[in-house]
Amino acid sequence: LMLIVNALIGFHEEFKARQSLDALKAQMTATVPVKRDGEMVIIPVAELVPGDVIFLRGGNIVPADCEFLEGDEMLVDTAALTGEPLPRKVPRLERPDEAQGAGRQLLSGCIVKQGEAHCEVKETGLNTEIGQAAGLVAEASGHQASLFERKIMQVVHAVILLALVDAGVVLYIDVGHRNVRFSKALLNVLALVIGAVPIALPLVMQVTMAIGAASMAKRQAIVTHLTALQEIASMTVLCSDKTGTLTTADMRVLPHRTWTHRMTKDDALLYACLASNPANKEDPIDKAILGSGHEHFGEEEADKLMNMYKKEKFVGFNPTVKRTVVYCEHEEKGKLKISKGLVDKVLVTGDDGGDCWECADAEKMREELKEVDVRFSSQGYKTVGLAVAYDGGPMVFSAIIPMLDPPRNDTKLTIYRIREAGINVKMITGDHLNIAIETSRLIGLGTNVLPASDLWPASATRDETIVTSDGFAQVLPKDKREVILVLQNRGLVVGMTGDGVNDAPALAQAQIGIAVDGATEAACSAADIILTQPGLSAIFDAVVESRKIFARLRSYVLYRIGATIQIVLVLSILIYAYNDTMPALYVILLALVNDVTMLPVASDNASPSALPEIPSMPQILLAAFLYGFIGTGQTMALYLSDVIHSDPSTDPEERRKYRMAVTYLQMSIAVELNIFSCRTPLYVGNILRRDTWPSLLLFICVMGGNLLVSLLAGFGDTFHVVHKVEWIDIAWIWLYDLGCLLVIDLLKRFLSVIGADWMSAGAAGDVLGYPELPDEFHGASHRSTLLHSRVSARSVLHHHSRLSTISQQGGHGPVLGAKASGSTLPFPHNLRAQALRHLHSF
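Just so we're clear, the structure is a prediction, and the values are computed from it rather than from any experiment.

How each quantity is defined
Residues numbered from 1 in each chain as written. Predicted model: local features only at pLDDT ≥ 70, side-chain atom pairs only at ≥ 80, totals over all residues. Heavy atoms only, no water. Helix = DSSP H or I, 4+ residues; strand = E, 2+ residues; numbered from the N terminus. Buried < 20%, exposed > 50% of the residue type's maximum accessible area, 1.4 Å probe, protein only. Contact = heavy atoms within 4.5 Å. Areas by Shrake-Rupley, 256 points an atom, 1.4 Å probe, with all protein chains shown as cover. Pairing = 2+ DSSP bridges. Axes fitted to C-alpha atoms, helices over the stretch in contact; angles between N-to-C directions. Parallel < 35°, antiparallel > 145°, perpendicular 65-115°, else oblique. Left-handed = near helix turned anticlockwise from the far one by under 90°. Nonpolar A, V, L, I, M, F, W, Y, C, P; charged D, E, K, R; others polar. Polar contact = N/O pair within 3.5 Å; in protein donor to acceptor, adjacent residues only side chain to side chain. Patch = residues over 30% accessible without salt bridge, like charges linked within 9 Å, V, L, I, M, F, W, Y side chains within 5 Å. Salt bridge = Lys/Arg side-chain N within 4 Å of Asp/Glu carboxyl O. Lys, Arg positive; Asp, Glu negative; His and termini not counted. Charge placed at Lys NZ, Arg CZ, Asp CG, Glu CD. Disulfide = S-S within 2.5 Å. pLDDT = per-residue confidence, 0-100. 1 Å grid on protein atoms, 1.4 Å probe; cavity = no way out; pocket = protein on both sides within 12 Å on 5 of 7 lines; lining within 4 Å. Points joined across faces, edges and corners; volume = space filled by probe spheres on them. Expected span 1.5 Å × (residues − 1). Phe/Tyr/Trp six-rings, centres within 6.5 Å; stacked < 30°, edge-to-face > 60°.

### Focus on the overall build of the chain
So, point 1. Counting secondary structure elements, the chain contains 30 helices and 24 strands.
So, point 2. Across the 842 residues in the chain, those meeting the buried criterion constitute 55%.
So, point 3. Put simply, of all contacts in the chain between residues at least 6 apart along the chain, 71% involve residues at least 24 apart.
So, point 4. In the form shown here, the chain has an accessible surface area of approximately 35,600 Å², with 59% of it arising from carbon and sulfur atoms.

Right, dumping it as structure tokens:
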């Protein structure tokens, strides 16, 4: 059955990879005019070769990576590759951080919005930037077990291997030295092997993740790869695209940032709306201004205010005059002439063939306006100038209106919560550097955002820069994937969020790929989780749910490995030291009852850890061995004692059977009760805290399983499954096991007090909640950004000496007197360091 399931999973992963690849290649199926033998002919895109001269015009999808040769100035929508919300001009002057020729480059998959030109093909097919993205997605796709699952299975395999070796030795001793019949010896060995195999472990893991996926579906998040729910618990870095992910991908005016002269900010926005054309829905500026007006004033109020102005004439935007002009009349304000456009062209139009003017006091205002415009531009804002004339008077420059792709409503809160959960967040965007920095400031991220040119060439210094930076701008798909790979090579568990074709390679490469609402088919196919409603809050929900899943799986794994160690040790000691064997039926019954009753662990009450759950197998193994050794001592003490035994006058074989039935019953009940200790890093006796209580279903199943084996033993002469045990002895066994559970509880408490949380398996006591933004985070002031930025993974990785200190403190709170970090974090630095307290275990 498991082989069939694995085969189906493999097929599903390959199918998803093929879907992603097909979605990327689908953009290359058009035809294009190309110059062949001196004539323009129409050929399929697949037949293009480097060196071809093609003709592109508005509405065309660029079929290959090309270089502009001659023609009109073009506007090219590069969102498919860079995520920029506004089209680029081609040709244009290269920025200082761009390679030579970048201003004349058109990349495959981009859309020509305006203009027409002849271009030379440079790269085709999979050699283009978007083609390389397709190859990277295919390379990164495929099913992989989670980090936690891989480590757990390694331990299980080791335990089973040791049990097989032990079984081989037992078989040799019984047959070769004790002259036991081979069939009987083989039965004893079979019992030993059965006790060592955690049969229900894969089933519990799958059911636990399936329940988690169902819970995420209720939060409008579709989990396509169940292993992602394990990986998110260990996620230490979240990389995110900007446009359409952190932001709305829809330009908007920021009214509170508007610069005005003799005019209110509300009037400036209203007049800009009047100077916009509602019929021109393709124009990003008019669309942004009108949309902002409706959001700022409200739909009905905005329409009411604009209807108070009767438009008499409207002159639209064109590339020559670079402004719009509207003539309108208001009952109280009289006749108005309003213009919006490029700041310089609104201030002094020059003789450009349109309606021309020079604003009053233009020369006096020129320097101030230039300073304001440059400041807005350096912060990443697109600016629009506004001038107004009243009743035939001179035009007066009245406002500079800034526009930006705004963050989603819940972005700042979600980012804050994610960082409070001990997860570093980085922005990786194809947009301009200054826009990325300003957006990062608005959402409370650090402003140490670097250009993509800093990613190459590869070096140790470059890798350190990736780890310590707050993000990168002006990146291409391969750059995003490179960032993910470097972070993964540092031993970090990396998540990636995105929505576009340009994000697909990184989504496929990351351990946790998250496609946001409205993502392209390519992004969804490469992702592990798909959000189906606007906003990012579901990402934090996934972190919380994943850490609950991790807590459940850790408790079950700790319980099952501890039980396996106890069973194997008890059976081995009985065989080696006392030449006694437990009937195979008892062992099978023990394994069966324990596994079946533990299935409700998948839906048990669990508290999410406040920090990333880095799976530390040494700690889990240490705790499991302690539970196993304590349980073995508990069972052997009862086996060797004379407290519970049968009538001395009975047959010796009868007494042996009675003692073995008592031993089985005690071990079965004790192993079952251990789950109550394994499932919490706190104490079973701490019943006043509801968060430590097990789920009702788990409690019923555990106690029901114990009641079942007690009845089988009590009515042994009726059911003939377990040898009959006296009821008074059954009662004493229950009291004995409950008392031992309290002893284990006291031992956990003692170890915690002395700073040795050996039995917690790495579980911290702190619980992750849903914190609200502090007062200083409300508002986008520079001060708050400086106070809550520059989250650096280097400040974590370079403090290994502090990790052991925190681990010794038990993870229950801050370490007093800890040395302050140079990085100003939005939460205590010691908690951040504790998030990677076991990084060396990788």
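Still to come is the rest of the account.
### Side note on the sheet that holds strand β20 (residues 449–451)
So, point 1. Taken in spatial order, the eight strands make up an open sheet running β10-β24-β23-β22-β11-β19-β21-β20, and their pairing is mixed. The strands lining the two open edges of the sheet, one partner per strand, are β10 (221–223) and β20. Pairwise comparison of adjacent strand axes, ignoring direction, gives a mean angle of 20 degrees for this sheet.
So, point 2. Sheet topology note: the strand β23 (residues 512–515)/strand β24 (residues 529–531) ladder contains two bridges and is parallel.

### Some details on the sheet that holds strand β7 (residues 105–106)
So, point 1. Read across the open sheet, the six strands follow the order β2-β1-β3-β9-β4-β7; overall the sheet is antiparallel. Looking at the sheet topology across the chains shown, the edges are occupied by β2 (39–44) and β7.
So, point 2. Where strand β1 (residues 31–36) meets strand β3 (residues 53–57), two bridges bridge the pair, whose relative direction is antiparallel. Bridge pairing in β3 places Lys-35 opposite Val-53.

### Points about the packing of helix α6 (residues 201–218) against helix α20 (residues 537–578)
So, point 1. At a minimum axis distance of 10 Å, the contact between α6 and α20 shows a crossing angle of 160 degrees. If you check the angle between α6 and α20, you find them roughly antiparallel. Of the two possible hands of crossing, α6 and α20 adopt the one that is right-handed. Across from Leu-201, Val-204, Met-205, Thr-208, Met-209, Gly-212, Ser-215 and Met-216 in α6, the residues of α20 making contact are Ala-538, Asp-541, Ala-542, Glu-545, Ile-549, Arg-552, Leu-553, Tyr-556 and Val-557.
So, point 2. Here the residues of the contact of α6 with α20 sort into 11 nonpolar, three polar and three charged.

### Remarks on the side chain of Ser-710
So, point 1. Summarising the element assignment, Ser-710 is placed in helix α24 (residues 696–714).
So, point 2. In this structure the side chain of Ser-710 is engaged in a polar contact, spanning 2.9 Å, whose partner is the side chain of Trp-734.
So, point 3. With near-sequence residues (within four places) excluded, Ser-710 lies in contact with Leu-665, Ile-669, Trp-727, Ile-730 and Trp-734.

### A short note on the pairing of strand β4 (residues 65–71)
So, point 1. Sheet topology note: the β4/strand β9 (residues 116–123) ladder contains six bridges and is antiparallel. Looking across to β9, one finds that Glu-67 is bridged to Glu-120.
So, point 2. Alignment of β4 against β7, held across two bridges, turns out to be antiparallel. The residue bridging Cys-66 from the neighbouring strand is Leu-106, located in β7.

### Remarks on the environment of Pro-33
So, point 1. You can see Pro-33 is positioned in strand β1.
So, point 2. By relative accessible area, Pro-33 is classed as partly exposed at 24%.
So, point 3. Sequence-wise, Pro-33 and His-118 are 85 residues apart; in three dimensions their C-alpha atoms are separated by 9.8 Å.
So, point 4. If near-sequence neighbours (up to four positions away) are discounted, Pro-33 is found in contact with Met-40, Val-41, Ile-42, Val-53, Ile-54 and Phe-55.

### Brief notes about a negative patch on the surface
So, point 1. On the surface, Glu-299, Glu-300, Glu-301 and Asp-303 cluster together into a negatively charged patch.
So, point 2. Position of Asp-303 among the secondary structure elements: in helix α11 (residues 299–307).
So, point 3. For Asp-303, a relative accessible area of 34% gives the class partly exposed.

### With respect to the state of the cysteines
So, point 1. As enumerated under the stated definition, the model contains zero disulfides in all.
So, point 2. No disulfide involves Cys-119; its sulfur sits 5.7 Å from the nearest other cysteine sulfur, which is in Cys-66.
So, point 3. A relative accessible area of 0% places Cys-119 in the buried class.

### Quick word on the confidence of the model for the chain
So, point 1. Here the chain shows a mean pLDDT of 82. Residues at 70 or above account for 84%.
So, point 2. In the model, residues 780–842 has pLDDT below 50 throughout and makes 131 contacts with residues more than four positions away in sequence or in other chains.

### So, the environment of Met-496
So, point 1. If you trace the backbone, Met-496 turns up in strand β22 (residues 494–498).
So, point 2. Each C-alpha atom, one on Met-496 and one on Gln-511, is 8.1 Å from the other, the two residues being 15 residues apart in sequence.

### With respect to the layout of surface pockets
So, point 1. Looking at the second largest pocket, its volume works out to about 650 Å³.
So, point 2. Lining the second largest pocket are 28 residues, and of these Ala-99, Ala-102, Gln-105, Gln-474 and Leu-476 sit closest to its centre.
So, point 3. Those elements giving two or more residues to the lining of the second largest pocket turn out to be β6 (88–90), β7 and α17 (477–489).
So, point 4. Residues that form the lining of the second largest pocket fall into these classes: 11 nonpolar, eight polar and nine charged.

### With respect to α24
So, point 1. The terminal C-alpha atoms of α24 lie 26 Å apart, and with 19 residues this matches the ideal 27 Å at 1.5 Å per residue to within 8%.
So, point 2. Of the positions making up α24, those classed as buried are Leu-698, Val-702, Gly-705, Asn-706, Val-709, Ser-710, Leu-712, Ala-713 and Gly-714.
So, point 3. Residues of α24 that are buried make contact with α21 (584–597), α23 (652–678), α25 (716–719) and α26 (727–753).

### Observations concerning the packing of aromatic side chains
So, point 1. Evaluated as defined, the whole model comprises 10 aromatic pairs.
So, point 2. With a centroid separation of 6.0 Å and 35 degrees between ring planes, the pair formed by Phe-676 and Phe-699 is classed as tilted. Of the two residues, Phe-676 is situated in helix α23 and Phe-699 in helix α24; the sequence distance between them amounts to 23 residues.
So, point 3. Measuring from centroid to centroid gives 6.3 Å for Phe-715 and Phe-719, while their planes differ by 85 degrees, and the two rings are edge-to-face.
So, point 4. For Phe-715, a relative accessible area of 37% gives the class partly exposed.

### Topic: the pattern of salt bridges
So, point 1. Inspection of the entire model under this criterion finds 29 salt bridges.
So, point 2. The residue Arg-36 makes a salt bridge to Asp-52 at a minimum N-O spacing of 2.7 Å. Taken together, the positions of Arg-36 in strand β1 and Asp-52 in the loop between β2 and β3 put the pair 16 residues apart, joining distant regions of the chain.
So, point 3. When its relative accessible area of 29% is taken as the criterion, Arg-36 is described as partly exposed.

### Here's the deal with unusual backbone geometry
So, point 1. A cis amide bond links Val-90 to the next residue, Pro-91, at an omega of 0 degrees.
So, point 2. Along the chain, Pro-91 falls in the loop between β6 and β7.
So, point 3. Cis geometry is found at the peptide bond from Trp-456 to Pro-457, where omega equals 0 degrees.
So, point 4. Assignment of secondary structure puts Pro-457 in the loop between β20 and α16 (460–468).
So, point 5. Phi is positive for Asn-179, close to 55 degrees, though the residue is something other than glycine.
So, point 6. Mapped onto the elements of the fold, Asn-179 is located in the loop between α4 (147–176) and α5 (182–196).
So, point 7. On the accessibility criterion, Asn-179 (66% relative accessible area) is exposed.

### Brief notes about the environment of Arg-104
So, point 1. Here Arg-104 shows up in the loop between β6 and β7.
So, point 2. Accessibility expressed as a relative area gives 30% for Arg-104, which makes it partly exposed.
So, point 3. Excluding residues within four positions of it along the chain, Arg-104 makes contact with Cys-66, Glu-67, Phe-68, Leu-69, Val-90, Pro-91 and Glu-94.
So, point 4. At a separation of 3.3 Å, a polar atom in the side chain of Arg-104 contacts the main-chain carbonyl oxygen of Leu-69.

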